[in-house]
Amino acid sequence: DQQVKQNSPSLSVQEGRISILNCDYTNSMFDYFLWYKKYPAEGPTFLISISSIKDKNEDGRFTVFLNKSAKHLSLHIVPSQPGDSAVYFCAASWRNTDKLIFGTGTRLQVFP
Amino acid sequence: DVKVTQSSRYLVKRTGEKVFLECVQDMDHENMFWYRQDPGLGLRLIYFSYDVKMKEKGDIPEGYSVSREKKERFSLILESASTNQTSMYLCASSLRGLEAFFGQGTRLTVV
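Note that the structure is a prediction, hence the values are computed from the model and not measured.

Another point: the pairing of strand β7 (residues 62-67) of chain A. Residue and element names in this part refer to chain A. Relative to β7, strand β6 (residues 56-59) runs antiparallel, the two sharing four bridges. Paired with E58 across the bridge in β7 is T63. The antiparallel pairing of β6 with β7 creates a hairpin that spans two residues between the two strands, and G60 there sits at a positive phi of about 65°. With six bridges joining them, β7 and strand β8 (residues 72-77) adopt antiparallel strand pairing. Of the residues in β8, the one forming a bridge with V64 is L75. Counted between consecutive antiparallel strands, the loop separating β7 from β8 contains four residues, among which K71 sits at a positive phi close to 50°.

If you want it as structure tokens, here you go:
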């Protein structure tokens, strides 16, 4: 059973606009959430994280929002750039174990 | 900078062969992970190690084993390779409670 779900396999956004990537989770024990970006033929690279004690974390153009009651998080990219075109994975873990569980990914395409 | 190095970028093996995928990290991280990435399935955890000689099964451990004799090295072993193990394999490491860093991946093809 998929504990971390990304229900949109792809998203297309115009350059300069906002990209919103969504992620849902089922396990209420998760207390640390992360977003990774992956280009083809490369390993994923860490983007931004959020602890369950917060509901928002911002780093430059990237903001992650956490809604614990809905078991939902989202990644906002503003403004979107063509170089942001990649597959984005959300991930979750329990602090006690550090075992990191990933979603299925969303392919973002930013067009000019 | 954290460096996670996987021994091969591309590998082709025959069905039934024993396959070793090696991963080395240089940042003294306690945790190490092996994932496989398949289209539409995301990254699935095969095995996780939280210390030398300590391991936990992930979501898809069948057909795989691991070895962690030294802190910096985590090996994934395919006991008898099968075509359904053709995939991209990704190794990662992390400090306790922090984000994981990934290697560049090994594209394994079993023929």
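Now that the structure has been shown, the text picks up again.
What follows is about the interface of chain B and chain A. Contacts between chain B and chain A engage 25 residues on the former and 19 residues on the latter. Both faces considered, chain B and chain A share a buried interface measuring about 1,700 Å² in area, 56% of it formed by carbon and sulfur atoms. When residues of chain B are sorted by the area they lose upon contact with chain A, L43(B), G97(B) and E99(B) head the list and together hold 27% of the total. Between chain B and chain A we count one salt bridge in total. For the salt bridge of E56(B) with K99(A), the shortest nitrogen-to-oxygen distance reads 3.1 Å. At the boundary of chain B with chain A, the tally comes to seven residue pairs in polar contact (both at pLDDT 80 or more). When contributions to the side of chain B that touches chain A are tallied by element, the ones reaching two or more residues are β4 (31-38), β5 (42-51), β6 (54-57), β9 (87-94) and β10 (100-102) of chain B. Of the residues assigned to the side of chain B that touches chain A, the class counts are 12 nonpolar, seven polar and six charged.

Attention shifts here to the sheet that holds strand β1 (residues 4-6) of chain B. Residue and element names in this part refer to chain B. Spatial strand order, β1-β3-β8-β7: four strands in an open sheet with antiparallel pairing. Both edges of this open sheet fall to β1 and β7 (64-70), since each of them pairs with a single strand only. The mean inter-strand angle of the sheet, taken between neighbouring strand axes irrespective of direction, is 20°. Bridge analysis of strand β3 (residues 19-25) against strand β8 (residues 73-78) gives six bridges, and the strand direction is antiparallel. Along β8, the bridge assignment pairs V24 with R73.

Turning our eyes to something else, we now look at the sheet that holds β6(A). Working definition: the strands of a sheet are paired by backbone hydrogen bonds and lie parallel or antiparallel to each other. Within the open sheet, the five strands sit side by side as β1-β3-β8-β7-β6 (chain A). Their pairing is antiparallel. Every interior strand has two partners, whereas the edge strands, β1 (4-5) and β6 of chain A, have only one.

Residues and elements named next belong to chain B. One pass over the structure, following the stated rule, counts eight salt bridges over all chains. For K71, the salt bridge identified is with D28, shortest N-O distance 3.2 Å. Here K71 is found in the loop between β7 and β8, whereas its partner D28 is found in the loop between β3 and β4, with 43 residues between them in sequence. Judged by relative accessible area, which is 26%, K71 ranks as partly exposed. Connected through shared salt-bridge partners, R36, D38 and R44 make up one network.

Reading the values: the criteria
- Residues numbered from 1 in each chain as written.
- Chains lettered and ligands numbered in written order.
- Predicted model: local features only at pLDDT ≥ 70, side-chain atom pairs only at ≥ 80, totals over all residues.
- Heavy atoms only, no water.
- Pairing = 2+ DSSP bridges.
- Helix = DSSP H or I, 4+ residues; strand = E, 2+ residues; numbered from the N terminus.
- Contact = heavy atoms within 4.5 Å.
- Buried area = accessible area lost by both parts, 1.4 Å probe.
- Salt bridge = Lys/Arg side-chain N within 4 Å of Asp/Glu carboxyl O.
- Polar contact = N/O pair within 3.5 Å; in protein donor to acceptor, adjacent residues only side chain to side chain.
- Nonpolar A, V, L, I, M, F, W, Y, C, P; charged D, E, K, R; others polar.
- Axes fitted to C-alpha atoms, helices over the stretch in contact; angles between N-to-C directions.
- Buried < 20%, exposed > 50% of the residue type's maximum accessible area, 1.4 Å probe, protein only.

Just geometry here; none of it tells us what the structure is for.
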